[in-house]
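What follows is each chain in one-letter form.
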There are 2 protein chains.
Amino acid sequence: MKVSANLFGAIALSLLVFVVPAFAQANEHALDEFNQKFTDAIRHMDNAAVMSLWADDGVSLLPGMAPIAGKTAIQQFMEDATSKTKGFKVVSHDNNWRDIRVSGDWASEWALTKQVVQPPDGKPILTINGKMLLVLHRDKDRTWKIQQESWTSSGS
Amino acid sequence: MKVSANLFGAIALSLLVFVVPAFAQANEHALDEFNQKFTDAIRHMDNAAVMSLWADDGVSLLPGMAPIAGKTAIQQFMEDATSKTKGFKVVSHDNNWRDIRVSGDWASEWALTKQVVQPPDGKPILTINGKMLLVLHRDKDRTWKIQQESWTSSGS
């Protein structure tokens, strides 16, 4: 019995030492792949890659306009925005992620966002600081998709 | 065996007919109490009631400023905003809630918000349309608290 008890203790300890931190780490890093893809897509101005990260019934909440509801409407908005900003180049884009939470097939996180943009014709570089709140859902293919996104400027 | 199979079938059917819709409904209405308290607190300009709905480490993401992190900072911001808008009265406030999702102790929802405000000295009434994304967490006392809030204007 003593051996069993010790064995049980050893297993319980190894669970605490190895499995619990691994689980916590898995949770903390559960969105790493999504976050990297999302940031890369924006850096490369790759609208198709951005759209691949949206849920079909996702909703984008952006300043000064009504909600944009559904992947088709979001794609149309992105294409319009791209054609209106022809010649603009994203020099750099960083998302500083905070409070990553996963509960079952749902997750949330927010980020401090910083984008540096080069306008055409040698106009001065723009630096846009903001913050973004995301609600994500794990799709049938087990990858995370954006259900809701809200972005606001942080001012100058 | 036939009786058992039928009984099992009947139980399975009653689960589908009664329990599944009840669960879905419970999920849909899980935030009703929170939503009503939150809307009422804003309508009554009751800062203490609003603050009672925030998590200690909640973060508010509002246009044109850095994130406001932590209940103490959010309370200070609300008190400053109240003293800067002395004499303003909330005539009406409505939150039209959408996409309510609960997963374990986490939840999210967004709302179309409409606030009608009467400024002092008979100045014209203001109507402020916006949209708000909330991430909520069930507290130790089993009530929902705001972890993150992001609000943006919807323009005129």
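**A look at helix 2 (residues 32-43) of chain A**
Residue and element names in this part refer to chain A.
Link 1 in the chain: In this model, helix 2 (12 residues) spans 16 Å end to end at C-alpha, consistent with the 16 Å of a helix rising 1.5 Å per residue.
Link 2 in the chain: In this structure, the buried side of helix 2 is in contact with helix 3 (47-51), strand 3 (89-103), strand 4 (106-118), strand 5 (126-138) and strand 6 (144-153).
Link 3 in the chain: The first or second residue beyond helix 2 is Met45, which carries a positive phi of 50 degrees.

**Things to note about the environment of Asn96 of chain A**
Residue and element names in this part refer to chain A.
Link 1 in the chain: Tracing the backbone through its elements, the reader meets Asn96 in strand 3.
Link 2 in the chain: Judged by relative accessible area, Asn96 falls into the partly exposed class, the value being 39%.
Link 3 in the chain: In this structure the C-alpha to C-alpha distance between Asn96 and Leu136, which are 40 residues apart in sequence, comes to 17 Å.
Link 4 in the chain: Those residues in contact with Asn96, other than ones at most four positions away along the chain, are Trp110, Ala111 and Leu112.
Link 5 in the chain: Within the structure, Asn96 has its side chain in polar contact with the side chain of Arg98 (distance 3.4 Å).

**With respect to the pairing of strand 5 (residues 126-138) of chain B**
Residues and elements named next belong to chain B.
Link 1 in the chain: In terms of strand pairing, strand 4 (residues 106-118) meets strand 5 through 12 bridges, oriented antiparallel. Its bridge partner being in strand 5, Val117 is matched across the sheet by Leu126.
Link 2 in the chain: When strand 5 meets strand 6 (residues 144-153), the two strands line up antiparallel, connected through nine bridges. From the neighbouring strand, Leu136 faces strand 6, where its bridge partner is Ile146.

**Let's talk about the side chain of Ser150 of chain A**
Link 1 in the chain: Mapped onto the secondary structure, Ser150 of chain A falls in strand 6.
Link 2 in the chain: Only 2.7 Å separates the side chain of Ser150 of chain A from the side chain of Ser150 of chain B, close enough to count as a polar contact.
Link 3 in the chain: Sequence-distant contacts of Ser150 of chain A, defined by excluding residues within four places in its chain, comprise Leu61, Lys131, Met132 and Leu133 of chain A together with Leu133, Ser150 and Thr152 of chain B.

**Let's talk about the packing of aromatic side chains**
All names here are of chain A.
Link 1 in the chain: Across all of its chains, the model carries two aromatic pairs over all chains by this definition.
Link 2 in the chain: Ring centres of Phe34 and Phe38 lie 5.6 Å apart, and the angle between their planes is 25 degrees; on these two criteria the pair is classed as stacked. Note that Phe34 and Phe38 are positioned in helix 2 at a spacing of four residues, about one turn of the helix.
Link 3 in the chain: A residue is classified by how much of its surface remains accessible, and Phe34, at 4% relative accessible area, is buried.
Link 4 in the chain: Accessibility expressed as a relative area gives 2% for Phe38, which makes it buried.

**A few points about the sheet that holds strand 1 (residues 54-61) of chain B**
Residue and element names in this part refer to chain B.
Link 1 in the chain: Here six strands make up an open sheet; going across it, the order is 2-1-6-5-4-3 and the pairing mixed. Only two strands of the sheet have a single neighbouring strand rather than two, namely strand 2 (68-69) and strand 3 (89-103).
Link 2 in the chain: Packing against the sheet, helix 2 (residues 32-43) makes contact with strand 3, strand 4, strand 5 and strand 6, and its axis sits at approximately 160 degrees to strand 3.
Link 3 in the chain: Across the sheet, helix 4 (residues 71-84) lies against strand 1 and strand 2, angled at about 55 degrees from strand 1, the strand it touches most.

**With respect to the relation of the copies chain A and chain B**
Link 1 in the chain: Relative to chain B, chain A is turned by 180 degrees and slid 0.0 Å along the rotation axis, the superposed coordinates differing by an RMSD of 0.0 Å. Taken together, these values place the two copies in the relation of a two-fold axis.
Link 2 in the chain: Here 100% of the contact residues of chain A are again contact residues in chain B; the copies associate through an equivalent surface.

**Notes on the environment of Ala69 of chain B**
Residue and element names in this part refer to chain B.
Link 1 in the chain: Considering the arrangement of structural elements, one finds Ala69 in strand 2.
Link 2 in the chain: Residue Ala69 is classed as exposed on the basis of its relative accessible area, which comes to 51%.
Link 3 in the chain: With 26 residues separating them in the primary sequence, Ala69 and Arg43 have C-alpha atoms 24 Å apart.
Link 4 in the chain: Setting aside residues up to four positions removed in sequence, Ala69 forms contacts with Gly58 and Val59.

**What about the sheet that holds strand 1 (residues 54-61) of chain A?**
Residues and elements named next belong to chain A.
Link 1 in the chain: Strand order in the open sheet formed by six strands is 2-1-6-5-4-3, with mixed pairing between adjacent strands. In the strand order of this sheet, the two ends are held by strand 2 (68-69) and strand 3, each with one partner.
Link 2 in the chain: Relative to strand 6, strand 1 runs parallel, the two sharing four bridges. Directly across from Val59, in strand 6, lies its bridge partner Gln148.
Link 3 in the chain: Taken strand by strand, helix 2 contacts strand 3, strand 4, strand 5 and strand 6, and its axis lies near 160 degrees from that of strand 3.

About the thresholds
Residues numbered from 1 in each chain as written. Chains lettered and ligands numbered in written order. Predicted model: local features only at pLDDT ≥ 70, side-chain atom pairs only at ≥ 80, totals over all residues. Heavy atoms only, no water. Helix = DSSP H or I, 4+ residues; strand = E, 2+ residues; numbered from the N terminus. Expected span 1.5 Å × (residues − 1). Contact = heavy atoms within 4.5 Å. Buried < 20%, exposed > 50% of the residue type's maximum accessible area, 1.4 Å probe, protein only. Polar contact = N/O pair within 3.5 Å; in protein donor to acceptor, adjacent residues only side chain to side chain. Pairing = 2+ DSSP bridges. Phe/Tyr/Trp six-rings, centres within 6.5 Å; stacked < 30°, edge-to-face > 60°. Axes fitted to C-alpha atoms, helices over the stretch in contact; angles between N-to-C directions. Least-squares fit on C-alpha atoms with pLDDT ≥ 70 in both.

What is shown is where atoms sit, not what they do.
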